[in-house]
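Examination of the molecular architecture
Spelled out from the first residue to the last, the chains are:
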Amino acid sequence: MSVENTERIGGRSNIAFAPAWLVAGAGVYLLLLIRGDSLLNDPDMFWQIKVGQWILAHHAVPFTDIYSFTRAGEPWISSSWLSQVLFAQAYDFGGWAGVVILTALAAATAFALLAHALCRFLPPLQAGVVVCGVLVLAMPHLLARPHVLAMPVMIGWASGLASASGRGKTPSQWLLPLMILWANLHGGFVFGLVLVGAFALDALWNTGAAQRTRAALGWTLFAIAAFGASCLTPYGWGSLLAARNILGLGEALSLIGEWRPVDFSRLGAFEVCLLGLLGLALYRGVRLTPPRVLLTIGLSQMAMAHNRNIEVFAFLLPLVVAEPLSAQFAALRNGAVARLPLPTFWLAVVAFGLGGFSAAFTAGHSYVPLAGKSLTGAVQALKDQGARRVLNDYDFGGSLIAADVPVFIDGRTELYGERFVLAHHNAIQLRDVGKFLSLLDGYRIDATLLDPASPAVHLLDRLDGWRRVYGDGDAVVHMRLANTAPKIRPALD
């Protein structure tokens, strides 16, 4: 499955396999389709789909909270509304298989675009090695979440900016529709605006003094246009404020796995990659322009500060360094292909083949969320008991929203705020038993849905007025029996 393309680069004849990027994308798609259950290993996907279904049913986007009883009616916007609609449509059409196919297709497209961009500066073999490294780093973050649907847009946007800055030119206006799409798919578009400034500095560095003023004006106008494009959402510039609210959660971010800093106490893939790249740069004497050095440092710092940014580091760093490396090392430059033709025939063949395989594989394979995420039995027990004010674990909010049970808290952390999230966490962990008991009475809680390992579960097992009505390896449900004063029964053991 390859089409040979011969070009003369640097006075030498080179043969490259043009559809290498297509093969990379197809390979990633097949891998993710086969491992589809791992894409469903995230509790937030339940409420993401539910929001999308609400948008489709009401032909509108939400402006207030309608899913919790602790923040009901308070302002809340969904900056990922378009992704949620796509997930809802995929789920309504094909169930969990539809969600898996949509997620795998988006991720595969991102990898194909990355490989396509790299093959312009690197030989296919080296580009393939880089793509494999990116896959290893990004795999834990490839989940049925809006950020995956936005990945292809991020790659296209960053690739366009990098190409323009490398040539000392102004970015194409055709990039602006990508910003509009990104702003409606995921809140990460704010970082896309930051990239404009970073690559603008690189473009000015690469531009001669006589053309620098003109280049600065061109990039400034493009930045203004990009900002305007980012506001073309149902919420206008309110989407920018939503991103600010998330970053303003302070200490509460450390309670969320994807926002925690990287743990370097144990050797992991990211640490190996980071140290390997550092050693290679020192050994080979890699040279980058100062703006690209700062961008490399910035991407590294983002990844170390928050786990969720590791895939951003993995996807964007190759785009930042590929062109300078190609210019510095002749072996890379001579193996690259300046122009990659679009193999229409092979596109059709691959699309037809993948479509047929997807239909056959999903027909004989039933995708289900990994254990502990759907909580079917526990949620059904709550509904059977008629519970309406449920104190739930943070990760269980999505399952309750999907079942139309009002939640105490869920993954929309920006809605609840730092103080509320911290107070909830401390109460569930029994940092202060008195505050936990006050929370039960203050919010008139009639049921709890907690992780079996939670300290609060063991307290409720011995608390007068409460009874365990359901329990399995994933969740425990307690119901309030009467409005009696809390009193802890002594443990028999």
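Residues numbered from 1 in each chain as written. Predicted model: local features only at pLDDT ≥ 70, side-chain atom pairs only at ≥ 80, totals over all residues. Heavy atoms only, no water.

Focus on the overall build of the protein chain
Per the secondary structure count, the protein chain includes 21 helices and 6 strands. When its C-alpha atoms are laid out on the principal axes, the protein chain stretches across 85 × 50 × 50 Å. Looking at the protein chain as a whole, 51% of its 493 residues qualify as buried. Contacts spanning at least 24 positions in sequence make up 71% of the contacts within the protein chain whose residues lie at least 6 apart. (Helix = DSSP H or I, 4+ residues; strand = E, 2+ residues; numbered from the N terminus. Buried < 20%, exposed > 50% of the residue type's maximum accessible area, 1.4 Å probe, protein only. Contact = heavy atoms within 4.5 Å.)

So, the sheet that holds strand E6 (residues 476-480)
The strand order across the open sheet formed by 4 strands is E3-E4-E6-E5, and the pairing between neighbours is mixed. Edge positions in the sheet fall to strand E3 (390-392) and strand E5 (466-471), since each of these pairs with one other strand and no more. Here the strands of the sheet are splayed against their neighbours by 20 degrees on average, with no regard to which way each runs. The strands touched by helix H17 (residues 376-384) within the sheet are E3, strand E4 (447-450), E5 and E6, with E4 carrying the most contacts at an inclination of about 175 degrees. Docked against the sheet, helix H20 (residues 433-442) engages E3, E4, E5 and E6, running at close to 140 degrees with respect to E3. (Pairing = 2+ DSSP bridges. Axes fitted to C-alpha atoms, helices over the stretch in contact; angles between N-to-C directions.)

With respect to the side chain of aspartate 393
With respect to the helices, strands and loops of the structure, aspartate 393 is situated in the loop between E3 and helix H18 (397-402). The charged side chain of aspartate 393 is buried without a salt bridge, its nearest counter-charge being arginine 260 at 10 Å. In this structure the side chain of aspartate 393 is engaged in a polar contact, spanning 2.9 Å, whose partner is the backbone nitrogen of aspartate 451. (Lys, Arg positive; Asp, Glu negative; His and termini not counted. Salt bridge = Lys/Arg side-chain N within 4 Å of Asp/Glu carboxyl O. Polar contact = N/O pair within 3.5 Å; in protein donor to acceptor, adjacent residues only side chain to side chain.)

A few points about the pattern of salt bridges
Applying the stated criterion to the full structure yields 11 salt bridges. In this structure, the salt-bridge partner of aspartate 202 is arginine 292, at a minimum N-O distance of 2.9 Å. Linking aspartate 202 in helix H9 (residues 189-206) with arginine 292 in helix H13 (residues 290-305), this pair joins segments that are 90 residues apart in sequence. As far as the burial class goes, aspartate 202 and arginine 292 line up, both buried. Aspartate 461 is the partner of arginine 468 in a salt bridge, and the nearest nitrogen-oxygen pair spans 2.7 Å. The partly exposed category is assigned to aspartate 461, whose relative accessible area is 29%. Several salt bridges share partner residues, and in doing so they unite Asp42, Arg145, Glu258 and Arg308 into one network.

Focus on the nonpolar core
One finds Trp157, Phe315 and Leu449 to be the most contacted residues of the largest nonpolar core, which totals 157 residues. Sort the elements by how many residues they give to this core and helix H4 (residues 81-118) lands first, with 19 residues. Filtering out sequence-adjacent residues up to four positions away, tryptophan 157 remains in contact with Leu175, Leu176, Leu178, Met179, Trp182, Gly192, Leu195, Val196, Phe222 and Ala226. (Core = buried A, V, L, I, M, F, W, Y, C linked by side-chain atoms within 4.5 Å.)

Focus on the pairing of E5
Bridge count for E5 against E6 is 5 bridges, and the pairing is antiparallel. Opposite arginine 468, over in E6, you have histidine 478 as the bridge partner.

Here we look at empty space enclosed by the protein
Scanning the model with the defined rule gives 2 cavities of 30 Å³ or more in all. In this structure, the largest cavity spans a volume of roughly 80 Å³. Along its surface, the largest cavity is lined by Ala117, Leu118, Arg120, Phe121, Ser159, Ala162, Ser163, Leu319, Ala322 and Glu323. Secondary-structure elements contributing two or more residues to the lining of the largest cavity are H4, helix H7 (151-166) and helix H14 (310-328). By volume, the second largest cavity amounts to about 30 Å³. Lining the second largest cavity are Ala158, Leu195, Phe199, Leu295, Leu299, Leu316, Leu319 and Val320. Of all elements in the fold, only H9, H13 and H14 reach the threshold of two or more residues within the lining of the second largest cavity. A per-element tally of the lining of the second largest cavity places H14 first, with 3 residues. Taken together, the residues of the lining of the second largest cavity break down into 8 nonpolar, no polar and no charged. (1 Å grid on protein atoms, 1.4 Å probe; cavity = no way out; pocket = protein on both sides within 12 Å on 5 of 7 lines; lining within 4 Å. Points joined across faces, edges and corners; volume = space filled by probe spheres on them. Nonpolar A, V, L, I, M, F, W, Y, C, P; charged D, E, K, R; others polar.)

Digging into the environment of glycine 25
Structurally, the position occupied by glycine 25 is in helix H1 (residues 20-34). Given the relative accessible area of 8%, glycine 25 is considered buried. Separated by 86 residues in sequence, glycine 25 and phenylalanine 111 have C-alpha atoms that sit 5.5 Å apart.

Any functional reading would require information beyond the geometric quantities listed.
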